[in-house]
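A closer look at the structure
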Amino acid sequence: MRQTWGGRIWGLLAWISGLVFFAPVAWMFLTSLHSETDAATNPPSLAAPLTMDGYAEFFDGGAWPPLLNSFSASIGSTIIVLLLAIPAAYALSIKPVEKWTDVLFFFLSTKMMPVVAALLPIYLIAQFAGMLDNISFLTLLYCSMNLPIAVWLMRSFLSEVPREILEAASIDGAGLITILRRVVAPIAMPGIAATALICFIFSWNELLFARVLTGVVAGTAPVYLTGFVTSQGLFLAKVCAAAVVVSLPVLIAGFAAQDKLVQGLSLGAVK
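Parameters and conventions
- Residues numbered from 1 in each chain as written.
- Predicted model: local features only at pLDDT ≥ 70, side-chain atom pairs only at ≥ 80, totals over all residues.
- Heavy atoms only, no water.
- UniProt positions renumbered as here; feature names shortened; annotations may be inferred.
- Helix = DSSP H or I, 4+ residues; strand = E, 2+ residues; numbered from the N terminus.
- Buried < 20%, exposed > 50% of the residue type's maximum accessible area, 1.4 Å probe, protein only.
- Contact = heavy atoms within 4.5 Å.
- Areas by Shrake-Rupley, 256 points an atom, 1.4 Å probe, with all protein chains shown as cover.
- Core = buried A, V, L, I, M, F, W, Y, C linked by side-chain atoms within 4.5 Å.
- Phe/Tyr/Trp six-rings, centres within 6.5 Å; stacked < 30°, edge-to-face > 60°.
- Lys, Arg positive; Asp, Glu negative; His and termini not counted.
- Salt bridge = Lys/Arg side-chain N within 4 Å of Asp/Glu carboxyl O.
- Patch = residues over 30% accessible without salt bridge, like charges linked within 9 Å, V, L, I, M, F, W, Y side chains within 5 Å.
- Expected span 1.5 Å × (residues − 1).
- Bend = angle between axes of the 7 residues up to and from the residue.

Looking at an unreviewed UniProt entry, one finds the protein named Carbohydrate ABC transporter permease, with Lentzea alba as its source organism. Quoted verbatim from the Subcellular location (unreviewed entry) heading of the UniProt record, the comment on the protein is "Cell membrane". If you open the UniProt record of the protein and go to Sequence similarities (unreviewed entry), you find "Belongs to the binding-protein-dependent transport system permease family."

Before going further, it helps to spend a moment on the overall build of the protein. Secondary structure assignment for the protein yields 14 helices and two strands. Classification of the 271 residues of the protein by burial places 37% in the buried group. Here the analysis covers contacts within the protein between residues at least 6 apart in sequence; of these, 76% occur between residues at least 24 apart. Of the roughly 16,100 Å² that the protein leaves accessible, carbon and sulfur atoms contribute 71%.

A few words on unusual backbone geometry. The backbone of Asp133 sits at a positive phi, close to 55 degrees, despite the residue not being glycine. The class for Asp133 is partly exposed, based on a relative accessible area of 22%.

Before going further, it helps to spend a moment on the nonpolar core. It is characteristic of soluble globular proteins that their nonpolar side chains tend to be buried jointly. By size, the foremost hydrophobic cluster in this structure holds 31 residues, and its most contacted members are Met154, Leu158 and Val184. Mapped by element, the contributors of at least two residues to this core are α4 (64–93), α5 (100–109), α7 (135–158), α8 (163–171), α9 (176–187) and α10 (189–205). Ranked by residue count, the leading element in this core is α7, at eight residues. Setting aside residues up to four positions removed in sequence, Val184 forms contacts with Tyr90, Ile94, Leu158, Leu166 and Ile179. Core analysis: the next-biggest nonpolar cluster, separate from the first, contains 16 residues, Leu33, Trp204, Val244 and Val245 among them.

The feature "transmembrane region" (unreviewed entry), as given by UniProt, occupies residues 12–30, 71–92, 104–129, 135–154, 183–203, 209–228 and 235–257 in the numbering adopted here. Each end of residues 104–129 is marked by a C-alpha atom, and these two atoms are 30 Å apart; helix forms 62% of the span and strand 0%. Between the C-alpha atoms that bound residues 209–228 the distance is 19 Å, and the span itself is 55% helix and 0% strand.

When you line up the elements, Ala63 lands in the loop between α3 (53–60) and α4. C-alpha separation for the pair Ala63 and Thr220, spaced 157 residues apart in sequence, amounts to 9.4 Å. With residues up to four places along the chain from it excluded, the contact list for Ala63 reads Phe58 and Tyr224.

Turning to the packing of aromatic side chains, a few remarks are in order. When we look at a pair of aromatic rings, we describe it by the centre distance and by the angle of the planes. Considering all chains together, one arrives at five aromatic pairs under this definition. Each residue in the set Phe58, Phe59, Trp64 and Tyr224 is aromatic and connected to the rest through ring pairs, giving one cluster.

Attention shifts here to the side chain of Lys238. With respect to the helices and strands, Lys238 occurs in helix α13 (residues 236–256). Buried Lys238, no salt bridge; nearest opposite-charge side chain is Glu57, N-O distance 4.6 Å. Not counting the four nearest positions on each side in its chain, Lys238 is found in contact with Glu36, Gly54, Glu57, Phe58 and Phe228.

Turning our eyes to something else, we now look at a nonpolar patch on the surface. A surface patch of nonpolar side chains, about 810 Å² in accessible area, is lined by Ile9, Trp10, Leu12, Leu13, Ile16, Val20 and Phe21. Structurally, the position occupied by Phe21 is in helix α1 (residues 2–32).

So, on to α13. The end-to-end C-alpha distance of α13 is 30 Å, a good match for the 30 Å that 21 residues give at a rise of 1.5 Å each. The sharpest bend along α13 comes to roughly 35 degrees, located at Leu248, with the proline Pro249 sitting one to four residues further on.

Structure (structure tokens):
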């Protein structure tokens, strides 16, 4: 009886916590469907008429180029990171190199420096190379930012791959590329999906470098979103509509890959 009541209490607390975290998102979505006049009332009116004017103004105001830039930088950097992280993780887990712990610590140490400390040197490099306001440079920058965490994640995933299968593939004459493509990748697909989703989210949400290194041509969605806060005031309904649209790709990707994400993040948790 105590276990039953304990489980119900924990379940109730979980539901309450979920509703508390979901409430701001629901409020933002509801506000995006109101007019600016209704959205600016204090307290806000839940019974106000719904309208899609905020979304229409968002897309009519030139939102497509920033969205496409974010997709290009996020997807491109994620693909490059996976192509580099999987062989590196293979070398650090399945075929460990000498002093592989030092290599992992070096990767981790690159994430310890504050991002703002590298802002000026990176800006000067981009300026010297003529790569300011260039989406390709931003893509390479996102690759360098996400590669260390991707190598760490993929190493933990690949360490769970049975060695017997790899040895059997080697005996059959399979080369490294074939082993990675036809043996390792299918087995570690949940881990690859989890790593890809995390890298995509980090790239999509990045604001500081995109704000400083881009301008009119290569501006991303988060940079475009900050442009709604102007000296003329805050257009709340339009900002909420923009925030909903910018958040949708991450939510859709997470929902589509939720099964593999759970498998990947829990891989190796239970022996």
